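# Geometric and topological summary
Here are the chains, one letter per residue:
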Amino acid sequence: TLTLSQRLEAGTGKEKLPALVVDGVDVTCPEVGLVANSTAEDTANLILLSGSLTTDRAAVAGDVCVTGGTASVGLLLDCPRLVCRGGEFILREGWSFVDESTDAIPTVLLTGGTLTTDVWMPENIVYQLWEGTITAPGIRYWPETHVLSDTVTIVDPLDAEDADE
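Presented here is a report on the structure given in the accompanying data block.

Rules of the game
Residues numbered from 1 in each chain as written. Predicted model: local features only at pLDDT ≥ 70, side-chain atom pairs only at ≥ 80, totals over all residues. Heavy atoms only, no water. Salt bridge = Lys/Arg side-chain N within 4 Å of Asp/Glu carboxyl O. Buried < 20%, exposed > 50% of the residue type's maximum accessible area, 1.4 Å probe, protein only. Helix = DSSP H or I, 4+ residues; strand = E, 2+ residues; numbered from the N terminus. Disulfide = S-S within 2.5 Å. Pairing = 2+ DSSP bridges. Core = buried A, V, L, I, M, F, W, Y, C linked by side-chain atoms within 4.5 Å. Contact = heavy atoms within 4.5 Å. Phe/Tyr/Trp six-rings, centres within 6.5 Å; stacked < 30°, edge-to-face > 60°.

Per the counting criterion, the structure on display carries 6 salt bridges. Measuring nitrogen to oxygen at the nearest pair gives 2.9 Å for the salt bridge that ties glutamate 9 to arginine 7. The exposed category is assigned to glutamate 9, whose relative accessible area is 58%. A relative accessible area of 36% places arginine 7 in the partly exposed class. When the shortest N-O distance is used, the salt bridge between aspartate 56 and arginine 92 registers 3.0 Å. Of this pair, aspartate 56 sits in strand E6 (residues 51–59) while arginine 92 is found in strand E9 (residues 81–96), placing the two residues 36 residues apart along the sequence. A single salt-bridge network, built from bridges that share partners, covers Arg7, Glu9, Glu31 and Arg57.

Quick look at the structure:
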């Protein structure tokens, strides 16, 4: 277990490697700040293989790939693609870009594992859902939600609210 009281910073921007790989350890810190790697379009900048990452804010400057373990993130910043292949990704406060004028369109690729959020996500996120479970309020109504197989489980808390009325 690694518990930090200060920001966790990683990456040089010079290598074709992820700035941070979490594998077999539980990391807790208030904030993660990563420098984009030199091949940001091809190489995820944050990879969670096993263990856990818990933080209130993660400025990742690239893609996130979760293949195992659990990530619990308050605010996810500067992440063009969130790839969930296994494990669990919990998003507690939202997803945004520091530069609000960016034309980047965030994308979720769910090919396994679980993605959970209790907050209303921006409607411009593209969801490519192949396999796994996604829990998010309003997801059934978002214009860019693409269910690509019958092995996807969608849990929309708004459905339960409608049933209670």
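That was the structure; now back to the text.
Our focus in this paragraph is unusual backbone geometry. Backbone geometry at alanine 61 places phi at a positive 50°, although glycine is not the residue there. Within the element layout of this structure, alanine 61 appears in the loop between E6 and strand E7 (64–66). The phi dihedral of aspartate 78 is positive, around 55°, even though this residue is not glycine. Mapped onto the elements of the fold, aspartate 78 is located in the loop between strand E8 (70–77) and E9. Residue classification places aspartate 78 among the partly exposed positions, given a relative accessible area of 23%.

It is worth spelling out the state of the cysteines at this point. In a disulfide, the sulfur atoms of two cysteines are held together by a covalent bond. One pass over the structure, following the stated rule, counts 0 disulfides. Here cysteine 79 stays unpaired: no disulfide links it, and the sulfur of cysteine 84, its closest cysteine neighbor, is 9.4 Å away. A relative accessible area of 0% means that cysteine 79 is categorised as buried. Of all cysteine sulfurs, the one in cysteine 65 lies closest to cysteine 84, which takes part in no disulfide; the gap is 8.3 Å. The class for cysteine 84 is buried, based on a relative accessible area of 1%.

Turning our attention to the pairing of strand E11 (residues 126–135). In the sheet, strand E10 (residues 107–117) pairs with E11 via 8 bridges, with the strands oriented parallel. For threonine 107, the partnering residue across the bridge sits in E11 and is valine 126. Pairing of E11 with strand E12 (residues 145–155) involves 8 bridges; the strand directions are parallel. Residue pairing across strands places glutamate 131 opposite threonine 151, the latter belonging to E12.

Judged by nonpolar contacts, the single largest core of 39 residues is most densely connected at Val64, Leu76, Phe89, Trp95 and Tyr127. The element that contributes the greatest number of residues to this core is E9, accounting for 5 residues. With sequence-adjacent residues up to four places away left out, tryptophan 95 is seen in contact with Leu75, Leu76, Cys79, Pro80, Leu82, Pro106, Thr107, Val108, Met121, Pro122 and Ile125.

The tally for this structure, following the rule as stated, stands at 2 aromatic pairs. Between the aromatic rings of tryptophan 120 and tryptophan 142, the centroid separation amounts to 5.9 Å while the plane-to-plane angle is 90°, which identifies the pairing as edge-to-face. Of the two residues, tryptophan 120 is situated in the loop between E10 and E11 and tryptophan 142 in the loop between E11 and E12; the sequence distance between them amounts to 22 residues. Each ring, one from tyrosine 127 and one from tryptophan 142, has its centre 5.0 Å from the other, and the planes form 25°; the classification is stacked. Here tyrosine 127, found in strand E11, pairs with tryptophan 142, found in the loop between E11 and E12; they are 15 residues apart in sequence, far enough to count as distant. With relative accessibility at 2%, the residue tyrosine 127 sits in the buried group. Given the relative accessible area of 4%, tryptophan 142 is considered buried. Joined through ring pairs, the aromatic side chains of Trp120, Tyr127 and Trp142 make up one cluster.

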